[in-house]
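Listed below, chain by chain, are the residues.
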Amino acid sequence: MAKTYQHSEIESKWSRRWEEEGVYRSKIDWSKPKHYALTMLPYPSGDLHIGHWFAMTPSDARARYMRMKGYNVLFPMGFDAFGLPAEQAAISRNIHPWKWTYSNIERMREQLRSMGAMFDWEREIITCTPEYYYWTMWFFKKFYEHDLAYRGMALVNWSPTLQTVLANEQVKDGKDERTGQPVIQKMMEQWFFRITKYADELLNFDKLDWPEPVKIMQQNWIGRSEGAKVTFHTEAGDPFEIFTTRPDTLWGATFMVLAPEHPLVDKVTTPEYAEAVEAYREQTARATEIERMSEDREKTGVFTGGYAINPVNQERIPIWIADYVMISYGTGAIMAVPAHDQRDFEFARKYGLEIRVVIQPEGEPLDGKTMTSAVTGAGVMVNSGPFDGTVSNDQKGRQNPAISAVIDWLTEQGIGEESVNYRLRDWLISRQRYWGAPIPMIYRADGTIEPASDDNMPILPEDVDFLPTGRSPLTYHEPFLNTVDSEGKPARRETDTMDTFMCSSWYQYRYLSPHYDKFPFDPEEAAYWLPVDVYTGGAEHATMHLLYTRFFTKAMRDMGLFEEVAKIQREHGRDPEGLFDEPMLLLRNQGQVLGAERKGDIIMAKGRMVDGKLYADYVEVIPNQEDAPSNFEGVVGEIMDRVENILHVDIGASELQIVEVENDAVIVIPNIEGEARVDQLKHHLEIQRMSKSKGNVVNPDELVQAYGADTVRAYLMFAFDWQKGGPWDPQGIQGIVRWINDVWDMVTNTTLPAQGTPEVERDVLRKAHQAIKQVSDSLERFSFNTGVAALMSLRNEVRPALRENQVGEKTWREVMNIMLRLMAPFTPFIAEELWEKLGEPFSIHQQPWPEYNAELAAENEVTLVVQVNGKVRDRIQVPANISEEEAKNIALSSDTVQQFMNGNTPKKVIYIPHRNMVNIVV
RNA sequence: GGGGGAGUGGCGGAAUUGGCAGACGCGCAUGACUUAGGAUCAUGUGGAGAAAUCCGUGUGGGUUCGAGUCCCACCUUCCCCA
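Being a predicted model, the structure only gives us computed values, none of them experimental.

A. View of the overall build of chain A. Check the secondary structure of chain A and you find 27 helices and 39 strands. Counting all 922 residues of chain A, 53% fall into the buried class. For chain A, contacts bridging at least 24 residues in sequence account for 71% of all contacts bridging at least 6. When the accessible surface of chain A is summed, it comes to about 42,300 Å², and 47% of that surface belongs to carbon and sulfur atoms. Across chain A, the centroid of the 97 positively charged side chains sits 2 Å from that of the 136 negatively charged ones.

B. The arrangement of the pairing of strand β13 (residues 301–310) in detail. A large share of β13 lies buried, amounting to eight of its ten residues. The pairing of strand β10 (residues 224–234) with β13 spans two bridges and is classified as antiparallel. What sits directly across from T234, in β13, is A308. Joining the antiparallel neighbours β13 and strand β14 (residues 315–322) is a turn of four residues, in which Q314 adopts a positive phi near 60°.

C. Summary view of the confidence of the model for chain A. When the pLDDT values of chain A are averaged, the result is 88; 94% of them are 70 or greater. Across the predicted assembly, pTM comes out at 0.88 and ipTM at 0.94.

D. Structural context of the sheet that holds strand β18 (residues 391–392). Spatial ordering of the open sheet is given by β16-β17-β18, a layout of three strands whose pairing is antiparallel. Edge positions in the sheet fall to β16 (359–360) and β18, since each has one partner strand and no second.

E. Spatial organisation of the pattern of salt bridges. Evaluation of the coordinates by the stated rule reveals 57 salt bridges. For R713, the salt bridge goes to D60, with nearest N and O atoms at 2.7 Å. Taken together, the residues span a long stretch of sequence, with R713 in helix α19 (residues 709–718) and D60 in helix α2 (residues 50–68) at a distance of 653 residues. The pair R713 / D60 is uniform in exposure class, with both members buried. The partner of E487 in a salt bridge is K489, and the shortest N-O contact between them spans 3.2 Å. One continuous salt-bridge network, built from bridges that share partners, spans E201, K207, R550, K554, R557, D558, D581 and E582.

F. The arrangement of helix α16 (residues 544–558) in detail. Taking 1.5 Å of rise per residue, 15 residues should cover 21 Å, and α16 covers 21 Å from first to last C-alpha, within 8% of that figure. Among the 15 residues in α16, twelve count as buried, and that is most of the element. When we look at burial in α16, the residues that qualify are H545, L546, L547, Y548, T549, R550, F551, F552, T553, K554, A555 and M556. Just downstream of α16 lies G560, where phi reads positive at about 80°.

G. Structural view of the sheet that holds strand β2 (residues 72–74). Here we have four strands laid out as an open sheet, ordered β2-β1-β27-β28, and parallel in their pairing. The open sheet is flanked by β2 and β28 (584–590), the only strands paired with a single partner. If you compare each strand with its neighbour and ignore which way they point, the axes differ by 20° on average. In this structure, strand β1 (residues 34–39) lies alongside strand β27 (residues 532–538), joined through three bridges in parallel fashion. Within β27, the residue paired with L38 across the bridge is Y535.

H. The packing of aromatic side chains, seen in detail. Applying the stated criterion across every chain, the model contains 58 aromatic pairs. A ring pair is formed by W251 and W409, whose centres lie 5.6 Å apart and whose planes are at 45°; its orientation type is tilted. Placement of W251 in the loop between β11 (239–244) and β12 (255–258) and of W409 in helix α12 (residues 401–413) is noted, with a sequence separation of 158 residues between them. We note that W251, like W409, is buried. Over the ring of F842 we find R17; its NZ or CZ atom is 3.9 Å from the centre of that ring. Its end group placed over the ring of W210, R550 keeps NZ or CZ at 5.7 Å from the ring centre.

I. Representation of the environment of M56 within the structure. Assignment of secondary structure puts M56 in helix α2. Classification of M56 as buried rests on a relative accessible area of 2%. Between the alpha carbons of M56 and A117 there is a distance of 8.1 Å; along the sequence they are 61 residues apart. Among all residues touching M56, those that are not within four sequence positions of it are T39, M40, P42, F75, M77, L112, M115 and F119.

J. Spatial organisation of the environment of S843. Here S843 shows up in the loop between α24 (828–837) and α25 (854–857). The exposure class of S843 is buried, given its relative accessible area of 0%. Spatially, the C-alpha atoms of S843 and E833 are 9.6 Å apart, while their sequence positions differ by ten residues. Discounting chain neighbours no more than four positions away, the residues touching S843 are W18, V23, E832 and W835. A polar contact of 2.6 Å, which involves the side chain of S843, links it to the side chain of E832.

K. Quick peek at helix α22 (residues 784–803). In a regular helix each residue adds 1.5 Å, so 20 residues correspond to 28 Å; α22 covers 29 Å between its end C-alpha atoms and thus fits that length. Regarding α22, the residues found buried are F784, G787, V788, A790, L791, M792, L794, R795, V798, R799, A801 and L802. Looking at the buried side of α22, the elements it contacts are α2, α19, α20 (733–748), α21 (758–780) and α23 (809–823). Downstream of α22 by one or two residues, N805 has phi in the positive range, about 55°.

L. Layout of the side chain of E87. Mapped onto the elements, E87 comes out in helix α3 (residues 84–93). R433 is the oppositely charged side chain nearest to the buried, salt-bridge-free E87, at an N-O distance of 4.5 Å. At 3.0 Å, the side chain of E87 forms a polar contact with the backbone nitrogen of Y434. Dropping the residues within four chain positions of it, E87 is found in contact with P97, R433, Y434, W435, F466 and P473.

M. Examining the nonpolar core more closely. Of all hydrophobic cores here, the largest spans 177 residues; its most connected members are F143, F193, W728 and W739. The residues touching W739, leaving out its near neighbours within four places in the chain, are A714, V788, L791, M792, R795, M823 and T827.

Thresholds, definitions, all that
Residues numbered from 1 in each chain as written. Chains lettered and ligands numbered in written order. Predicted model: local features only at pLDDT ≥ 70, side-chain atom pairs only at ≥ 80, totals over all residues. Heavy atoms only, no water. Helix = DSSP H or I, 4+ residues; strand = E, 2+ residues; numbered from the N terminus. Buried < 20%, exposed > 50% of the residue type's maximum accessible area, 1.4 Å probe, protein only. Contact = heavy atoms within 4.5 Å. Areas by Shrake-Rupley, 256 points an atom, 1.4 Å probe, with all protein chains shown as cover. Lys, Arg positive; Asp, Glu negative; His and termini not counted. Charge placed at Lys NZ, Arg CZ, Asp CG, Glu CD. Pairing = 2+ DSSP bridges. pLDDT = per-residue confidence, 0-100. Salt bridge = Lys/Arg side-chain N within 4 Å of Asp/Glu carboxyl O. Expected span 1.5 Å × (residues − 1). Axes fitted to C-alpha atoms, helices over the stretch in contact; angles between N-to-C directions. Phe/Tyr/Trp six-rings, centres within 6.5 Å; stacked < 30°, edge-to-face > 60°. Lys NZ or Arg CZ within 6 Å of the ring centre and 35° of its normal. Polar contact = N/O pair within 3.5 Å; in protein donor to acceptor, adjacent residues only side chain to side chain. Core = buried A, V, L, I, M, F, W, Y, C linked by side-chain atoms within 4.5 Å.

Structure follows, in structure tokens:
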């Protein structure tokens, strides 16, 4: 009897062999087509999560498939290693970020290796190494040289007590999450990247095979709107610009609103209103931008005492300030047309400002005094001087004749012009942190700024003190702070570091040559591998990361960084035209694995009832609600929640029964040895994200130990729609265990007859070829679950045939050979082991993908489905090559069909050949 | 509030362009083997019905010879943005 399947033995054996023989090294080979498969790199948080397995192993399976299909595949892995958690560990646990990060990486690298993925570890990158972040800084300087990086003002979360800037995720309800100290919004000088310069190009997705929702999200994020810029003047004559998408409503502007931070506020505010304005500005500083933009928040504002002149009709209208106008959006000033804008309408109603109708819809005439909400639809312009009677449809921009006409007129009059505005703002990259790539800029004594020279690029100092002040240690590290400028004069370094999205914006290029020291990437490697063919990762990166990396690539292209690459490509006869417009051609998002649902314990509890609350002195866990004695006096039901010794029990009423378990109560839990405690009572767990606090985390290491990596991989690919994810079901893995054992059995434990049964052998071979097609299709389409299903189906056909001794050695060998190669992408270890047992040469992962033979896969008999009026009435076995005429005749002559036709003559007979179906219409 | 998904057996999920709904698996049921079964094997498994048959893809309408799939309205739910 052959040895049974021993996963741990096999997995360590082949991991070693693959490593030794360099099976997964990817080297340039211009004679082969290339395939660059990339999956998002993890943050080294310390432990590999089941979610990482879910994201990476299917991507690996597809990369392996492409390799067997004859592509030269690059599938690298690395770590996105800068970021806040490392710094927080440093402060709270006194571990240096380097140390914390590196020990996490070492641990995770081992866990990643256990996956059996075809990562080329010689190409590993770690973004927090100087070898990597030198180039991140280098990119910053390039951007600066090309005027894509600049210094500007931005609102930041400022903690007055700590004298430091906080990240958005550190602020909760306007307070510092950790200290509870108030946080205010403050304008500060920060570094920006000019991503808005590329706004229009980023809206073009022509070259991209990306999920539609991602493209839509990016579109909304960029938020292009067409309209006009119009110059207003204050009464005193100071000009200020506003942007509007509705210039056709200019005559309906009854007041102006400035952002509280607008520079003109001080000038227009009259002494009488100065105090109120100042108070309001202080109040605004306490609200975050997200709160301010919330639409269901009540609009507030104050009058400045100042007036503006409407350039279209010379009307004098009041200037207000309100926090719903953002200084960073548009020009920080708006004209308010309450009749035709909902936010302005609410504001006007609240403060008793005039509402004037200038677009009159058909039907009911509007009256500003009685309207209950703004009217934004189509209508005819009224009260609009020369434009009265012009039709405004509900189109945007130039599509709308009224808007178009007004824009032309504004241009003529010299008071405005056509303009496009974006919701997208420039990318703020400054972070007041230690654990990031330093911004390589130097502040000179004369007040000017210059980039650090290549040999003076800052390296993060290690000998820093992490004080719980919240300030970056760089700000008080003298040796880092003090440097010299290009003329050798004393100067000061920038102490801010870069947003970690910087690191991940170009990592796909560093994988090409992680140790190359003349350029961010080796042009020879880039010429062959670029661009990324397939990118997989979480949908949560739809906007930020994916927009930034697209911007980066376009900027790199325009800065000429791919010129050398293009030259090499031409030498190899590859046309570089358009190859560097986008970083990743095809994108697919995986879903999320959620925690399993768990039923709470059913309990019966008794004690004394006080004010509807039960103080229990006895609690017993019972298998079912019905198992409680019918005369039981107390509470019976499922525990839905438990906080300390308070239970929330579902007793079938509309509200949950509160049960407080007394300290000395008797607790009976069957299955638990010794004395039971209240915290051993299990409460109901809903399907939700895994988290340590909920106790529903699935640990991949334990699963691998119990079942083997192959089984875990296959189960993750089988049990979910990969692009959707879903709740983890601990029971379902049995199906994979059985399948793998059966496969093992089919290869190793078979005594074969001298002669097989020809028909059965034909069937088995047919099934194998059908599987080739199904598995190939499923991998092409990222539909991994159907691929595994096809392999199981093959097992279902082959295994009984083998057990009944109906398959001879030749066919057995042929079918096993196909089956193992089809399994190789999904379960690389066992496929390799059994491949060896079949006596085939190392390695299965370097074998060609099995070739599909349509003739062998074809059935000779098929089921003809006969419908009458669209309902299935009969199924008839017919030869597969039946003609349309024959099929129709057979269908019409069926007794059952005749019965349902009720003696009527058919009106129409429809034949669908590829579905083997006839529909008779009577 | 805006945008985007998703609703299919007890459960996870299948179903090219509209063409046999429920592949594959879990679970469950019955039986076999067995000292035992959380192993294995066999059979069954959407609902109702003895059966013929009827009903079934969130709800209501529509288009079509034919709708899980397309169109309209609605409900529920998840995600993103605000």
